[in-house]
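Residues per chain, in single letters:
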Amino acid sequence: MKTLIKNVTILTMIDDDQPITGDILIEGDKIKKLGTQITDGVDEVIEGQGMIAMPGLINAHQHTPMSLLKGFSDDLKLMDWLEKKMLPAEARMTPEDIYWGAKLLMAEMIKSGTTAFADMYIHMNEIASAVQEVGMRASLTRGLVFLQDDGGKRITEALELVERWNGKAEGRISTMLGPHAPYTCPPKALRKIINMAEELNLPIHIHLAETKEEVMKIQEKYNQTPTEYLYNEGLFERSHVLLAHSVHLNRRDIRFLKGMRGGVSHNPVSNLKLGCGIAPVFEMINQGITVGLGTDGTGSATTIDMFEEIKAATWLQKLDYGDPTVLPAGHVLRMATKGSAKLLNIDNEVGTLEIGKKADIILVDMNKPHLQPIHNVESLLAYSVNGADVDTTIVNGKVLMKNRKLMTIDEDELLKQVTVRAKRIVEGI
């Protein structure tokens, strides 16, 4: 299958590349040519006049089935949110609920320009099946909590996910191991996961220092910060690591992260909404640490529009440092594309538009009053565009949305299913 995107403004996200106007030839699942007046015989032509083609956004931290709990637990303190709302609701979810919840969030991601995501949850086989059907790219992780002995059930499920799904769905699915967080993973369990990840050559996806309460718990228990605890257990030295949140880091903590493989998923909207704080993103970047962007689950963030995360990320750093030059538009856009790709360990395949890379591309429709006139493409993408401006979403060379219409999801059936399921899950809570 050959697809030609014609007359489009191309933003490659390679270093300081400037936008160019031209054509993109997709052959199979890869970008074959970038240039002007490409005349190869093709099967499909997509007219890109007035559009910007850029790499698909990559959501580096997500809990997809929480889509069923969107707006159910807003404006609560963190522990009330967790104990009174989220945990009781999640306990009612069936594997089939997980499947439909994941599919709902994938529909929202595709319609707002996200082409790949990192997910940590339970019943991961159902999520993987939804990814396979829908056509997105995903790094999947079975969350591992070790607060009570489950006879090894969680670890068995994590390994089954790896064995069954790693590299599957035309290579769109990858897997990680997911020790949930420092405060839910004591040293013995954490060391076991680090050893397993090293043996299996798998990355690790873990929450870190999301709240002040977590920092206090680890300090009381181990007389260390959460970051220091992970460092002393050898996590950063031995594994490619995706750290979610990393809000409460001091300067010594940041030094522990220098030189790590992987990096930090900054989730500004969720952190703002739960009152967690502002992550020291600019300082981490200055220390050479890769920072990507994620949304967290809709149970906390409510929206998973990555363009909203882009805005929040740059505005927060400008405010925190009192400096409007901090984290400029081009840098924060690269965080949401090539930065997040590095966190998922897929930057050799996606994150930039380059010949030979996978064709994960979005087209943003600029023919709208709030996106005109165009003085600076990157500024408009970072500060003015929202997810509803995405016209076309392509993953692995396959069109998942065209002219705002989903091509791999029956939207009417999806909405019917999730309405009934969400009502049953939250009733009486």
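Before any of the text, the structure's been laid out above.
The model shown is predicted, which means the values in this text are computed figures rather than measured ones. (Residues numbered from 1 in each chain as written. Predicted model: local features only at pLDDT ≥ 70, side-chain atom pairs only at ≥ 80, totals over all residues. Heavy atoms only, no water.)

Undergrad: How would you sum up the overall build of the chain? Please name residues and give values.
TA: Looking only at helices and strands, one finds 16 helices and 18 strands in the chain. Its C-alpha radius of gyration of 21 Å places the chain within 12% of the 22 Å reference for a compact globule of 429 residues. Referenced to the eigenvectors of the C-alpha coordinate spread, the extents of the chain come out at roughly 65 × 45 × 45 Å. Residues counted as buried form 58% of the 429 residues belonging to the chain. Taking the contacts inside the chain whose residues are at least 6 apart along the sequence as the reference set, 72% of them involve residues at least 24 apart. When the accessible area of the chain is evaluated, it comes to approximately 17,200 Å², of which 50% is carbon and sulfur surface. Each charge sign in the chain was given a centre, from 48 positive and 57 negative side chains, and these centres are 2 Å apart. (Helix = DSSP H or I, 4+ residues; strand = E, 2+ residues; numbered from the N terminus. Rg over C-alpha atoms; globule rule 2.2 N^0.38 Å. Buried < 20%, exposed > 50% of the residue type's maximum accessible area, 1.4 Å probe, protein only. Contact = heavy atoms within 4.5 Å. Areas by Shrake-Rupley, 256 points an atom, 1.4 Å probe, with all protein chains shown as cover. Lys, Arg positive; Asp, Glu negative; His and termini not counted. Charge placed at Lys NZ, Arg CZ, Asp CG, Glu CD.)

Undergrad: So, the pairing of strand β7 (residues 114–121): which residues are in play, and what are the values?
TA: With respect to burial, β7 is a largely interior element, 8 of its 8 residues being buried. Here 4 bridges tie strand β6 (residues 57–62) to β7, and the two strands are oriented parallel to one another. Along β7, the bridge assignment pairs I58 with A116. Direction of pairing for β7 relative to strand β8 (residues 137–144): parallel, over a ladder of 6 bridges. Residue Y121 lies in a different strand from β8, and its bridge partner there is R142. Note that the unit made of β7, helix α3 (residues 124–134) and β8 has a crossover that is right-handed. (Pairing = 2+ DSSP bridges. Right-handed = clockwise from strand over helix to strand, strands pointing away.)

Undergrad: Outline the pairing of strand β5 (residues 51–55), supporting the account with residue identities and numerical values.
TA: Where burial is concerned, most of β5 is hidden: 5 out of the 5 residues are buried. Taken together, the 2 bridges between strand β1 (residues 2–10) and β5 define a ladder with parallel strand orientation. Bridging across to β5, T9 finds its partner in I52. Pairing of β5 with strand β15 (residues 361–365), which is carried by 5 bridges, proceeds in the antiparallel orientation. Each residue of the ladder has a partner; that of M51, found in β15, is D365.

Undergrad: Any chance you could break down helix α13 (residues 306–321) for me, citing the residues and the numbers?
TA: Spanning 16 residues, α13 covers 23 Å between terminal C-alpha atoms, matching the ideal 22 Å at 1.5 Å per step. Taken together, the buried positions of α13 are occupied by M306, F307, E309, I310, K311, A312, A313, T314, L316, Q317 and K318. Backbone geometry just downstream of α13 places G322 in the positive-phi region, at approximately 60°. (Expected span 1.5 Å × (residues − 1).)

Undergrad: So what's going on with the nonpolar core? Residues and values would help.
TA: Judged by nonpolar contacts, the single largest core of 107 residues is most densely connected at L243, F307 and L381. Looking at which element gives the most residues to this core, the answer is helix α2 (residues 95–111), with 10 residues. Not counting chain neighbours up to four residues away, the residues in contact with L243 comprise I206, L208, L230, F236, L257, M260, G263, V264 and S265. Counting residues in each nonpolar core, the second largest holds 15 residues, with I24, I31, A53 and I361 among its members. (Core = buried A, V, L, I, M, F, W, Y, C linked by side-chain atoms within 4.5 Å.)

Undergrad: Residues and numbers for the packing of α13 against helix α14 (residues 329–343), please.
TA: The description of two packed helices rests on the angle between their axes and on the distance between the axes. Contact geometry of α13 with α14 gives a least axis separation of 10 Å together with a crossing angle of 135°. Viewed along their axes, α13 and α14 adopt a mutual orientation that is oblique. Classified by chirality, the crossing of α14 by α13 is right-handed. Listed contacts from α14 to M306, I310, A313 and T314 of α13 are V332, L333 and A336. Of the residues that constitute the contact of α13 with α14, the class distribution is 6 nonpolar, 1 polar and no charged. (Axes fitted to C-alpha atoms, helices over the stretch in contact; angles between N-to-C directions. Parallel < 35°, antiparallel > 145°, perpendicular 65-115°, else oblique. Left-handed = near helix turned anticlockwise from the far one by under 90°. Nonpolar A, V, L, I, M, F, W, Y, C, P; charged D, E, K, R; others polar.)

Undergrad: How would you explain the environment of R154 if you had to name every residue and give the values?
TA: Assignment of secondary structure puts R154 in helix α4 (residues 153–165). Separated by 94 residues in sequence, R154 and H248 have C-alpha atoms that sit 28 Å apart. Those residues within four positions of R154 in sequence are excluded, and the remaining contacts are R142, G143, L144, V145 and Q148.

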